[in-house]
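Below are the chains, spelled out letter by letter.
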Amino acid sequence: MTNVKENYLEIKNEIKTIAKNCGRDPHDILLVAVSKKHTCEIINKGIEAGIEILGENYIQEATDKIELIGNKTVSWHFIGHLQSNKAKYAVKYFDLIHSVDTIKLAREINKQAKKINKIQNILMQINISGEESKSGADEKDAIILAEQISRLPNINLQGLMGMPPFYNDPEKARPYFSALFNIKEAINNEHIQGVNLLHLSMGMSGDFQAAIEEGSTMVRVGTAIFGPRQ
Ligand SMILES: *Cc1c(COP(=O)(O)O)cnc(C)c1O
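Remember, it's a predicted structure, so these values are computed and weren't measured experimentally. (Residues numbered from 1 in each chain as written. Predicted model: local features only at pLDDT ≥ 70, side-chain atom pairs only at ≥ 80, totals over all residues. Heavy atoms only, no water.)

On to the overall build of the chain, then. Each helix and strand counted, the chain has 9 helices and 8 strands in total. Against the compact-globule benchmark of 17 Å for 230 residues, the chain has a radius of gyration of 17 Å, which places it among compact chains. Taking all 230 residues of the chain together, 51% fall into the buried category. Considering only intrachain contacts with a sequence separation of at least 6, the fraction spanning at least 24 residues in the chain is 60%. Carbon together with sulfur atoms contributes 47% to the accessible area of the chain, which is approximately 11,400 Å² in total. Averaging the locations of the 27 positively and 28 negatively charged side chains of the chain gives two centres separated by 7 Å. (Helix = DSSP H or I, 4+ residues; strand = E, 2+ residues; numbered from the N terminus. Rg over C-alpha atoms; globule rule 2.2 N^0.38 Å. Buried < 20%, exposed > 50% of the residue type's maximum accessible area, 1.4 Å probe, protein only. Contact = heavy atoms within 4.5 Å. Areas by Shrake-Rupley, 256 points an atom, 1.4 Å probe, with all protein chains shown as cover. Lys, Arg positive; Asp, Glu negative; His and termini not counted. Charge placed at Lys NZ, Arg CZ, Asp CG, Glu CD.)

The biggest cluster of nonpolar side chains holds 66 residues, and the ones touching the most others in it are Ile109, Met124, Ile149, Ile187 and Ile225. Of all the elements, helix α1 (residues 4–21) adds the most residues to this core, at 6 residues. Core analysis: the second largest hydrophobic core is formed by 6 residues, Val32, Ile53, Met161 and Met218 among them. (Core = buried A, V, L, I, M, F, W, Y, C linked by side-chain atoms within 4.5 Å.)

In this model, the largest pocket occupies a volume close to 540 Å³. Together, 28 residues line the largest pocket, and Lys36, Met163, Tyr167, Met204 and Arg220 are the ones closest to its centre. For the lining of the largest pocket, the secondary structure elements donating two or more residues are β5 (120–126) and β6 (155–162). Counted by class, the lining of the largest pocket contains 10 nonpolar, 13 polar and 5 charged residues. Its volume calculated, the second largest pocket comes out at about 290 Å³. Listing elements by their share of the lining of the second largest pocket, those giving two or more residues are α1 and β1 (30–34). A total of 6 residues in the lining of the second largest pocket trace back to one element, the largest contributor, which is α1. Its residues assigned to classes, the lining of the second largest pocket shows 8 nonpolar, 2 polar and 3 charged. (1 Å grid on protein atoms, 1.4 Å probe; cavity = no way out; pocket = protein on both sides within 12 Å on 5 of 7 lines; lining within 4 Å. Points joined across faces, edges and corners; volume = space filled by probe spheres on them. Nonpolar A, V, L, I, M, F, W, Y, C, P; charged D, E, K, R; others polar.)

The next thing to look at is the site of the ligand. Around the ligand sit Val34, Lys36, Asn57, Ile79, Met163, Met204, Ser205, Arg220, Val221, Gly222, Thr223 and Arg229, and that is every residue in its neighbourhood. Within the side chain of Lys36, a nitrogen or oxygen atom sits 2.8 Å from an oxygen atom of the ligand. Contacts to the ligand include Asn57, whose side-chain N or O atom sits 2.7 Å from an oxygen atom. Within the complex, 90% of the 390 Å² of free accessible area of the ligand lies under protein. (Near = heavy atom within 4 Å. Polar contact = N/O pair within 3.5 Å; in protein donor to acceptor, adjacent residues only side chain to side chain.)

Restricting attention to buried positions, one finds in helix α2 (residues 40–49) the residues Cys40, Ile43, Gly46, Ile47 and Ala49. Where α2 is buried, its residues touch α1, β2 (53–56), α3 (59–69) and α9 (223–226). Just downstream of α2 lies Gly50, where phi reads positive at about 120 degrees.

For the rest of this paragraph, the subject is helix α7 (residues 170–189). Taking 1.5 Å of rise per residue, 20 residues should cover 28 Å, and α7 covers 28 Å from first to last C-alpha, within 8% of that figure. Those residues of α7 that are buried lie in contact with β5, α6 (142–150), β6, β7 (199–201) and α8 (208–213). Note on α7: the residue one or two positions beyond its end, His191, has a positive phi of about 50 degrees. (Expected span 1.5 Å × (residues − 1).)

Counting buried positions along β5 yields 6 of 7 residues, so the element is predominantly enclosed. As paired strands, strand β4 (residues 96–100) and β5 are joined by 3 bridges and run parallel to one another. The residue of β5 that forms the bridge with Leu96 is Asn121. In this fold, the crossover linking β4 to β5 by way of helix α5 (residues 103–115) has right-handed handedness. Note that β5 and β6 share 7 bridges and pair parallel. The partner of Gln125 across the bridge, within β6, is Met161. In this fold, β5 hands off to α6, which returns the chain to β6; that crossover is right-handed. (Pairing = 2+ DSSP bridges. Right-handed = clockwise from strand over helix to strand, strands pointing away.)

Turning our eyes to something else, we now look at the packing of α1 against α2. Remark: α1 packs on α2, axes separated minimally by 9 Å, with the N-to-C direction vectors making an angle of 50 degrees. In terms of axis orientation, α1 runs oblique to α2. Seen along the crossing, α1 lies across α2 with a hand that is right-handed. Residue-level contacts link Val4, Lys5, Tyr8 and Leu9 of α1 to Ile42, Lys45, Gly46 and Ala49 of α2. For the contact of α1 with α2, the per-class residue count stands at 5 nonpolar, 1 polar and 2 charged. (Axes fitted to C-alpha atoms, helices over the stretch in contact; angles between N-to-C directions. Parallel < 35°, antiparallel > 145°, perpendicular 65-115°, else oblique. Left-handed = near helix turned anticlockwise from the far one by under 90°.)

In structure tokens:
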């Protein structure tokens, strides 16, 4: 049996130590506990241990769980690939959507948010790996996409999300993290009205140390907290 509480507290501690060692305030780094493919029972153990943010990847699975667990004591983030036809549910259930990568999707989110009188917080997912098969906006299009999104009144663009093409190899991942940091700076330097990106969602179980050292403000940790997925 995975000891979720022990794992969670250990990761929290590690984040604190890593932040301090690189001169950052540990409070500037949010821990998104990624609970995809884990049961409500295990997730509730995590919540009892103090988890404040949960990350989910699949709309149907996530909305079923959120209906059962609720959103009073935890915040839910959507981190998976989002199809426009599911935007309605993402808007209804999630405080932050990490994976907005096209203007089409952003417009649909804006439309759905307007319907329920919500300002939807989002991140733009950038394809830092440059692989065709990976989701995320092209690096060169990121500024244009940020400009387009900034004109959508029911969306609040808060930052960027990215995934390196490697798992569990922090030193190989590091240049991709620093590239994402640089894209964030480049977008902020455009001084687009209403755009001031604060968040960088990067780093997972195997590489969150390198991500924090390169400026991550949200690490998305699944396996290291909840154990292996089915
Ligand atoms: C599953 C997933 C994670 C968590 O990965 P672990 O290696 O289990 O920590 C983080 N981010 C995204 C986008 C994921 O799909």
